[in-house]
Amino acid sequence: MASAELTPRDNCKQLEYAGIIHASAEHLLSVVNLILDMSKIEAGRFAIVPEAFDVAPLIGACCDMLRLKASEGGSSWFAGRSLSQELIADKRACRQILINLLSTQ
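Residues numbered from 1 in each chain as written. Predicted model: local features only at pLDDT ≥ 70, side-chain atom pairs only at ≥ 80, totals over all residues. Heavy atoms only, no water.

What exactly am I supposed to notice about the overall build of the protein chain here?
The secondary structure content of the protein chain amounts to three helices and two strands. Scanning the protein chain from its N terminus toward the C terminus, one meets helices and strands in the order α-β-α-β-α. Residues classed as buried in the protein chain amount to 23% of the 105 residues present. On the protein chain, roughly 7,600 Å² of surface is accessible, and the fraction owed to carbon and sulfur atoms is 62%. (Helix = DSSP H or I, 4+ residues; strand = E, 2+ residues; numbered from the N terminus. Buried < 20%, exposed > 50% of the residue type's maximum accessible area, 1.4 Å probe, protein only. Areas by Shrake-Rupley, 256 points an atom, 1.4 Å probe, with all protein chains shown as cover.)

For this particular structure, what's the right way to read the packing of helix α2 (residues 55-72) against helix α3 (residues 91-103)?
A pair of packed helices can be characterised by two numbers: the angle between their axes and the separation between those axes. Viewed as axis vectors pointing N to C, α2 and α3 meet at an angle of 35°, and their least axial separation amounts to 10 Å. The crossing of α2 and α3 is right-handed. In contact with Leu58, Ile59, Cys62, Cys63, Met65, Leu66 and Lys69 of α2, α3 contributes Lys91, Cys94, Arg95, Leu98, Ile99, Leu102 and Ser103. (Axes fitted to C-alpha atoms, helices over the stretch in contact; angles between N-to-C directions. Left-handed = near helix turned anticlockwise from the far one by under 90°. Contact = heavy atoms within 4.5 Å.)

Got a minute to help me understand the nonpolar core in this structure?
Grouped burial of nonpolar side chains is what soluble globular proteins tend to show. One finds Ala23, Phe53, Leu58, Cys62, Cys63, Met65, Leu66, Ala89, Cys94, Ile99 and Leu102 forming the largest nonpolar core, which totals eleven residues. Residue assignment for this core shows that the elements contributing at least two residues are α2 and α3. Take this core: its biggest share by element is five residues, from α2. What Cys94 contacts, discounting residues up to four positions off in sequence, is Phe53, Leu58, Leu87 and Ala89. (Core = buried A, V, L, I, M, F, W, Y, C linked by side-chain atoms within 4.5 Å.)

Would you take a moment to explain the side chain of His27 for this structure?
Along the chain, His27 turns up in helix α1 (residues 11-43). The exposure class of His27 is buried, given its relative accessible area of 14%. Sequence-distant contacts of His27, that is, excluding residues within four places in its chain, are made with Met65, Arg95, Gln96 and Ile99.

Whenever I open this one, the layout of surface pockets confuses me. Can you help?
If a probe the size of a water molecule is rolled over the atoms, the empty space left behind becomes visible. In this model, the largest pocket occupies a volume close to 260 Å³. Lining the largest pocket, in full, are Glu16, Tyr17, Ile20, Ile21, Ser24, Asp64, Met65, Arg67 and Leu68. Of all the elements in the fold, those that place two or more residues in the lining of the largest pocket are α1 and α2. A total of five residues in the lining of the largest pocket trace back to one element, the largest contributor, which is α1. (1 Å grid on protein atoms, 1.4 Å probe; cavity = no way out; pocket = protein on both sides within 12 Å on 5 of 7 lines; lining within 4 Å. Points joined across faces, edges and corners; volume = space filled by probe spheres on them.)

All we've got here are geometric facts, nothing functional implied.
Have a look at this one:
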């Protein structure tokens, strides 16, 4: 999106790409936080932060981030976003678990 000739003309595609870029940036931040968490675990000062969240958007965001990698490997994913299920867990940890699982496919 930084290059005019590579930016899609379709506004919907631009919004989709911007959303994926935003989700990827959030993931990078969570990776940095994960590294910090690992040092807290080693120091015996790690605290799990449970919160209520809807699982479907989390799964969808993880799939969106890794969809290009999957298609390059010959896989295609579909994440049902209409199913709403609330979970109480550490959201950051759940996101990392999903990304790790999806990355191995």
